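A closer look at the structure
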Amino acid sequence: MSLLRTLGSGLAGACALTLIYEGARRVLADAPRMDILGMRAMARSYNAVGAPTPTPDELFNRTLVGDIAGNALYYSAVGLGGRDGVYLRGAALGLAAGIGAVALPGPLGLGEDASARTPATQAMTIAWYTLGGLAAAATYACLAGTDE
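Residues numbered from 1 in each chain as written. Predicted model: local features only at pLDDT ≥ 70, side-chain atom pairs only at ≥ 80, totals over all residues. Heavy atoms only, no water.

Scanning the chain from terminus to terminus reveals 6 helices and 0 strands. From first element to last, N terminus to C terminus, the chain shows the α and β order α-α-α-α-α-α. Over its C-alpha trace the chain gives a radius of gyration of 16 Å, about what one expects of a compact globule, namely 15 Å for 148 residues. For the chain, the C-alpha atoms occupy an extent of roughly 50 × 35 × 25 Å along the three principal directions. Long-range contacts, defined here as pairs at least 24 residues apart, represent 71% of the contacts in the chain between residues at least 6 apart. When the accessible surface of the chain is totalled, it reaches about 7,600 Å², and 68% of it is carbon and sulfur. In the chain, the 10 positive side-chain charges and the 11 negative ones have mean positions that sit 1 Å from each other. (Helix = DSSP H or I, 4+ residues; strand = E, 2+ residues; numbered from the N terminus. Rg over C-alpha atoms; globule rule 2.2 N^0.38 Å. Contact = heavy atoms within 4.5 Å. Areas by Shrake-Rupley, 256 points an atom, 1.4 Å probe, with all protein chains shown as cover. Lys, Arg positive; Asp, Glu negative; His and termini not counted. Charge placed at Lys NZ, Arg CZ, Asp CG, Glu CD.)

The structure is reproduced here in structure tokens:
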């Protein structure tokens, strides 16, 4: 049950993050565009192995699934250590991911426009990853109940 609890918590955090991003990109001009960043990275991977790049719609869908899966695994670390300190771990995981999402794309050759083009974009990126971590923490705390 503990493995399911941690993975489920990670999935909740990843879904919360994805819902925030996908909703905000439709209404906010400065919203981070992590979908574009992910699509660039995935297209680069296809090119590296000589495979044809999928259509933009296919690439978007594959990137979305990959983002949710990767973020779910990452946020599932919120359950390491049990219920004590779960919110601090969630906030720390989210903060670290948000800072990385702002700082790393440029040096990795993926461009800075998706997550760091304006101070508002940078702040939203960091804040939303942190919210994803806190959503994972809250889910873990609820699922853990008084078991621990």
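So, about the packing of helix H1 (residues 2–24) against helix H3 (residues 56–75). Look at H1 against H3: their axes get within 7 Å of each other, and the N-to-C directions meet at 135°. One element, H1, and the other, H3, form an angle in the oblique class. Both H1 and H3 take part in a crossing whose hand is right-handed. Residue-level contacts link Leu7, Gly10, Leu11, Gly13, Ala14, Cys15, Leu17, Thr18 and Glu22 of H1 to Phe60, Leu64, Ile68, Asn71, Ala72, Leu73 and Tyr75 of H3. Looking at side-chain class alone, the contact of H1 with H3 contains 11 nonpolar, 4 polar and 1 charged residues. (Axes fitted to C-alpha atoms, helices over the stretch in contact; angles between N-to-C directions. Parallel < 35°, antiparallel > 145°, perpendicular 65-115°, else oblique. Left-handed = near helix turned anticlockwise from the far one by under 90°. Nonpolar A, V, L, I, M, F, W, Y, C, P; charged D, E, K, R; others polar.)

With the rule as written, the count across this model stands at 3 aromatic pairs. Ring centres 5.4 Å apart and planes at 85° place the aromatic pair Tyr21 and Trp128 in the edge-to-face group. A residue pair is termed long-range when its members are at least 10 positions apart, and Tyr21 in helix H1 and Trp128 in helix H6 (residues 119–144) qualify at 107 residues. One exposure class covers both Tyr21 and Trp128, and it is buried. Counting every residue linked through ring pairs, the aromatic cluster contains Tyr21, Trp128 and Tyr129. (Phe/Tyr/Trp six-rings, centres within 6.5 Å; stacked < 30°, edge-to-face > 60°. Buried < 20%, exposed > 50% of the residue type's maximum accessible area, 1.4 Å probe, protein only.)

Once that is clear, we can look at the side chain of Thr63. Its location among the elements puts Thr63 in helix H3. Reaching out from Thr63, the side chain makes a polar contact with the backbone oxygen of Leu59 at a distance of 2.7 Å. When residues no more than four places from it in sequence are discounted, the contact partners of Thr63 are Asp35, Gly38, Met39 and Met42. (Polar contact = N/O pair within 3.5 Å; in protein donor to acceptor, adjacent residues only side chain to side chain.)

Time to look at the nonpolar core. Ranked by internal contacts, the top residues of the largest apolar core, which has 22 residues, are Leu17, Tyr21, Met34, Val78, Val86, Trp128 and Tyr129. Listed by contribution, the elements that provide at least two residues to this core are H1, helix H2 (34–48), helix H4 (86–103) and H6. At 8 residues, H6 tops the list of elements feeding residues into this core. If sequence neighbours within four positions are ignored, Trp128 has contacts with Leu17, Ile20, Tyr21, Ala24, Leu28, Ala31 and Pro32. Ranked by size, the runner-up nonpolar core spans 5 residues in total, among them Met39, Ala43, Leu59 and Phe60. (Core = buried A, V, L, I, M, F, W, Y, C linked by side-chain atoms within 4.5 Å.)

None of this, on its own, says anything about what the molecule does.
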